[in-house]
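Survey of secondary and tertiary structure
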Amino acid sequence: MSNGKRWSCLDKPSVWRLYLALLPIVVGGSSFRVATAEVSNTHSPSHITETGAGLNLSDGTTVIEIEVIDAGLVRIHYRPDHKVTSRTLVLDPYAKLIAPQSVKHVRHNGTYVVGTGRMTVEVSDTAPYSITVFDGSEKRLLRCDNPLNDARTKIISLTRARVETLYGMRGLPLKDNGEEIARDNGKSIEAGMQGDSGAPFAFTGRWAILVDSNGGEFTTHQDNLSFQHSSRLDAEYFIAAGTPLESIALISRLVGPPPLPPKWTLGFINSQWGSNQQEVEQIVARYRQKQFPLDGFILDFDWKAWGEDNYGEWRWNSTSNKGAIAPNKFPDGASGVFAARMSKEGVKLGAILKPRILLNAPGNQNKLTIAAQYAQDHNLWFAGEQPIDDYFTHRPARNLDFNKSATRTWFWNHLKPAFHTGMVAWWNDEADSSTNSPSYNFQFLNMGRALYEGQRASSNLRVWSLNRNFYLGASRYGYAGWSGDIPTGFESMAYQRRRMLAALNTGEFHWSMDAGGFAGHPTDENYARWIEFAAFVPIMRIHGDWNEKRQPWVYGPIAEAAARRAVELRYALLPYIYSYERANAEGNVGLVRPMHWEFPDDKKACASLTEWMFGDALLVSPIVAKGAASQHVYLPAGDWFDYETGKRLTGPKNIDLNVDSKTWRDIPIYVRSGSIIATQPVEQYVGQQPVTEITLDIFPATESASFVVYEDDGNTYGYEKGIYMRQKVSATKRSNQTEIALDGATGTYVAPLQTYLLRVHAPAREVLLNGRAVNAIETPDSIARLPNWKPGVDRFGPTTEVRVPARGVTRLSIVLR
């Protein structure tokens, strides 16, 4: 084999495709299991056998299974001494993959080939039986030269066809040490501390690899990429072929995509440490008085009876019992009255939780608390750890081990009263450790899992938890992350961009940060710019240290106005944001995408750490420098529109954008031509009013643009049973006309949506609906008659606004010319 070709006699792609078309073997159903039905082949040597979806290689003591489990995904399983050990929590035990319609086998000139149109795997039938993976264009991606030896030495050793930038593996630490997000030198795999993340996963612009492993380490040397694993006796790994958007989506389906979050968590959330019931009610009232959107309020230590015996760590701080640090802070909490009042204001409540419990009863150093005694009697402590000083009470405490199912069940059972009295979100803190114990990789994941499995067994309300580190596999438990106790200031804020991009590269789709910074007090400008930044990350949340207030009005009228503008823009974009959450829950990538995901062949885009895509349509580059007068932005190839001015620009292009250093109200945002953006009227909270009309801004291009409008109740798991509404709209520019197709809605959810306003950014002299002319709006009365249209102009240029019904549509074909 040379120059990446399979066989010297099959140099021509047409000949290769002829061979590959032979012997189709249909695979049906879920394929995330070893296919055991062998294909009869009397010419096969004993060490290689064909299976329904792949090949088995064996030397008598070691077995290697090679199985195509998706059109672009292969599973390789090393089984020394035929051993099979349990999978880790990285992999979703209920993963559902779309099996390829056919997996084809070819044997020729000493090689076995199994594959689909998107990828093929070649195995040599002579020692050392190399395994080579090719993409759909017959380009070699990776080769394992001696898989049987690797299986025995617990190393996965791969030769890369070409040395490309590696991503994934690990997030970035709390403090900036200059580390970049590229992982060209490999990395140890750990969940880490304070907003770190870990994943036994690496990818380039053409392929990705996932190893089922608790910890481990990727190393590189020239064209070699190796993974040293230790958590399983056998090694199971997966190789995906495709762009980052394709390969990350395939890996996401393996580890389990995130369920849809509660829709309110996509709005603006206020966290606070140092508060009581009266103050929270006053803060919420001021948000409403100022008509500043707010959806959630997350409470720190203050909400719970921390320090009291009889499970005070799980209870509302609603009494004056002995031992409480600051008793009776939320007198109406335990009755549910406080949460009910907040709910009337459209505000959901969340509660901080800790993985530790206090050991000694108040005032008695020789007596365990009731909870500690139970944990002691049932062996629920995290093994190998000594008691620690609880910084809040200065009493000894110990960490629970959430890797134990008994811990998870017990922990949730004592949270049920808080849940049933209004806590609908959970904030898990300090379940990370500096011990680097492999057991800690899954400690936070299992704490989130305790809440997910417990709440789902108790209620149909969606589960959502916020956690301080991440290990791949956690997302399937309604799990979000935040970047830890970061300081205020511009340098800290700027560093969060890299941390977000690195976290996303490990599969942490729902990343967030303490906007405004946790430690310290931000300047007015720092706060304003931070809120603008936070408007374009997966979760928008403010928080600060003890008695630090992060409400917008604290930072003066200029910062408040800038923050309002950013928050209201996010609320206007909620239909757009929610559609990408739907796609993420279905196994595709999420809302925020690093540039190297979307533009893997553009070196300048891949090198950019100051901008990212917010969905398919919007490129954002928030300003994070003090007193900035300009912002550098790079636009990849294609046409783009400045969201603020409407100016059309053609990439690739470097821009030095003038910045408003006085009012801080500008956010560099660019709209990609050939995209569709959904918006709605700004609400004070999600669900304040029924949304009866959604505006679809259509920027037509010769390449078809599409968008899926998605609605459900936003709160429950009814969507898993088909209780949703989804409707696809697509648009294409052809010659002197724009063609728009609106598909019929699917699902059983009856959304309040009545009409779409299609704002097409192109002029038209007439509009046709299913071949018939649509009347233009001539009088105010004609607006009510559907469909209708009118010409217009906005900052982007000429527009054609077409209003059509959203309900009762089988399919609408709309032509503007």
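Here the structure is a predicted model, which means the values were calculated and not measured. (Residues numbered from 1 in each chain as written. Predicted model: local features only at pLDDT ≥ 70, side-chain atom pairs only at ≥ 80, totals over all residues. Heavy atoms only, no water.)

1. Some points on the overall build of the protein
The line we're drawing: Numbered from the N terminus, helices here are DSSP runs of H or I no shorter than four residues, and strands are runs of E no shorter than two. Every radius of gyration here is taken over C-alpha atoms, with the globule rule written as 2.2 Å times N^0.38, N being the number of residues. The classification of residues rests on relative accessible area computed with a 1.4 Å probe and restricted to protein chains. Under 20% of the type maximum is buried, over 50% is exposed, and intermediate values are partly exposed. Contact criterion: two residues are considered in contact whenever any of their non-hydrogen atoms come within 4.5 Å of each other. Using the Shrake-Rupley algorithm and a 1.4 Å probe, accessible areas are obtained, with residue cover drawn only from the displayed protein chains. Charge convention: Lys and Arg are scored as positive, Asp and Glu as negative, and His as well as the terminal groups of each chain are ignored. Think of each charge as sitting on NZ of Lys, CZ of Arg, CG of Asp or CD of Glu.
Helix and strand counts for the protein stand at 15 helices and 49 strands. Radius of gyration (C-alpha) of the protein: 28 Å, near the 28 Å computed for a compact globule of 817 residues. Each of the three principal axes of the protein carries a C-alpha extent, and together these read 85 × 80 × 50 Å. A burial count over the protein gives 62% of its 817 residues as buried. Relative to all contacts within the protein whose residues are 6 or more apart in sequence, the contacts with residues 24 or more apart total 69%. Roughly 30300 Å² of accessible area belongs to the protein as shown, and the carbon and sulfur atoms make up 50% of that amount. In the protein, which carries 87 positive and 86 negative side-chain charges, the distance between the mean positions of the two groups comes to 3 Å.

2. Quick notes on the environment of A371
Counting through the fold element by element, A371 comes out in helix α6 (residues 370–377). For A371, a relative accessible area of 1% corresponds to the buried category. Taking the C-alpha atoms as reference points, A371 and D485, separated by 114 residues in sequence, lie 28 Å from one another. With residues near it in sequence (within four places) discarded, A371 still touches Y311, W314, I357 and W410.

3. Section: the sheet that holds strand β38 (residues 669–672)
Note the following rule: Whether two strands pair comes down to DSSP finding at least two bridges between them. Each axis is a line fitted through C-alpha atoms, taken for helices only over the stretch in contact, and angles between the N-to-C directions span 0 to 180 degrees.
The sheet built from 6 strands is open, its strands ordered β33-β34-β35-β38-β36-β37 with antiparallel pairing. The open sheet has two edge strands with one neighbour each: β33 (592–594) and β37 (648–658). Here the strands of the sheet are splayed against their neighbours by 25° on average, with no regard to which way each runs. For strand β36 (residues 630–642) and β37, the ladder comprises 10 bridges, and the chain directions are antiparallel. Opposite Y634, over in β37, you have N654 as the bridge partner.

4. With respect to the packing of helix α4 (residues 277–289) against helix α5 (residues 337–344)
Describing two packed helices takes the angle between their axes plus the distance from one axis to the other. Selection rule: These descriptions rest on fixed angle ranges, namely under 35 degrees for roughly parallel, over 145 for roughly antiparallel, 65 to 115 for roughly perpendicular, and the rest for oblique. Each residue gets one label: Ala, Val, Leu, Ile, Met, Phe, Trp, Tyr, Cys and Pro are nonpolar, Asp, Glu, Lys and Arg are charged, and the others, such as Gly, are polar.
Across the interface, α4 lies against α5 with an axial gap of 11 Å and an inter-helix angle of 5°. With respect to α5, the element α4 is oriented roughly parallel. Along its contact with α4, which presents Q277, V280, E281 and V284, the element α5 presents F338, R341 and M342. Classifying every residue of the contact of α4 with α5 by side-chain character gives 4 nonpolar, 1 polar and 2 charged.

5. Structural notes on the nonpolar core
Generally speaking, soluble globular proteins have nonpolar side chains that are buried together. Let me state the cut-off plainly: Buried Ala, Val, Leu, Ile, Met, Phe, Trp, Tyr and Cys residues form a nonpolar core when they are joined through side-chain atoms within 4.5 Å.
Counting 224 residues, the largest nonpolar core has Y576 and Y756 as the members making the most contacts within it. When residues of this core are assigned to their parent elements, the largest contribution, 9 residues, is made by helix α10 (residues 490–505). Every residue in contact with Y756, bar those within four places of it in the chain, is listed here: I694, L696, V709, M725, Q727, L742, V802, R803, V804, P805 and A806. In this structure, M595, M613, Y634 and Y670 belong to the second largest nonpolar core, which totals 12 residues.

6. Some details on the sheet that holds strand β42 (residues 725–734)
An order of β41-β42-β43-β49-β45-β46 is seen for the 6 strands of this open sheet, with the pairing classed as antiparallel. On the outer flanks of this sheet lie β41 (705–711) and β46 (772–773), each paired with one strand and no other.

7. Description of helix α3 (residues 244–255)
Our working rule: Helices are assigned an expected span. That span is 1.5 Å times one less than the residue count.
Taking 1.5 Å of rise per residue, 12 residues should cover 16 Å, and α3 covers 16 Å from first to last C-alpha, within 8% of that figure. Within α3, 10 of the 12 residues are buried, which leaves the element mostly enclosed by the surrounding structure. Residues P244, S247, I248, A249, L250, I251, S252, R253, L254 and V255 constitute the buried set of α3.

8. Thoughts on the side chain of Q496
Along the polypeptide, Q496 turns up in helix α10. Owing to a relative accessible area of 1%, Q496 belongs among the buried residues under this scheme. Those residues in contact with Q496 that lie beyond four places of it in its chain are S483, I486, W511, M513, W530 and F533.

9. Considering α4
Here is the rule we go by: What qualifies as a polar contact is a pair of N or O atoms within 3.5 Å, subject to a donor-acceptor requirement within protein and to the restriction that residues adjacent in sequence count only when both atoms come from side chains.
In this model, α4 (13 residues) spans 18 Å end to end at C-alpha, consistent with the 18 Å of a helix rising 1.5 Å per residue. Residues of α4 that are buried in the fold lie against β19 (268–272), β20 (296–299), α5 and β32 (540–542). Sitting at the amino-terminal end of α4 is N276, which places a side-chain oxygen 3.2 Å from the backbone nitrogen of Q278. At the C-terminal side of α4, Q291 shows a positive phi close to 55°.

10. Comments concerning the environment of I542
Structurally, the position occupied by I542 is in strand β32. Sequence separation between I542 and Q272 is 270 residues, and the spatial gap between their C-alpha atoms is 8.1 Å.

11. A look at unusual backbone geometry
Cis peptide bonds are those with omega within 30 degrees of zero, and the linkage from G651 to P652 qualifies with 5°. Position of P652 among the secondary structure elements: in strand β37. Cis peptide bonds are those with omega within 30 degrees of zero, and the linkage from L786 to P787 qualifies with -10°. For Q291, which is not glycine, the phi dihedral falls at a positive 55°. Of the residues examined, Q291 reaches a relative accessible area of 52% and is grouped as exposed. Unusually for a residue other than glycine, N379 sits at a positive phi of about 55°. Note on placement: N379 falls in the loop between α6 and β25 (388–389).

12. Here we look at the pattern of salt bridges
Note the threshold: One side-chain nitrogen of Lys or Arg within 4 Å of one carboxyl oxygen of Asp or Glu is enough to make a salt bridge.
All chains considered together, the criterion is met by 54 salt bridges. The closest approach of N and O atoms between D196 and R170, which form a salt bridge, is 2.9 Å. With a gap of 26 residues between them, D196 in the loop between β13 (187–188) and β14 (197–203) and R170 in strand β12 (residues 167–170) connect regions that are remote in the sequence. Assigned by exposure class, D196 and R170 land together as buried. A salt bridge links R456 to E720; the nearest nitrogen and oxygen atoms lie 2.9 Å apart. Of this pair, R456 sits in helix α9 (residues 443–458) while E720 sits in the loop between β41 and β42, and the two are 264 residues apart along the sequence. Overall, R456 belongs to the partly exposed group, its relative accessible area being 29%. Exposure remark for E720: the relative accessible area of 46% places this residue in the partly exposed category. Through salt bridges with shared partners, a single ionic network connects E65, E67, R75, R79, R87, D212, R232, D234 and E236.

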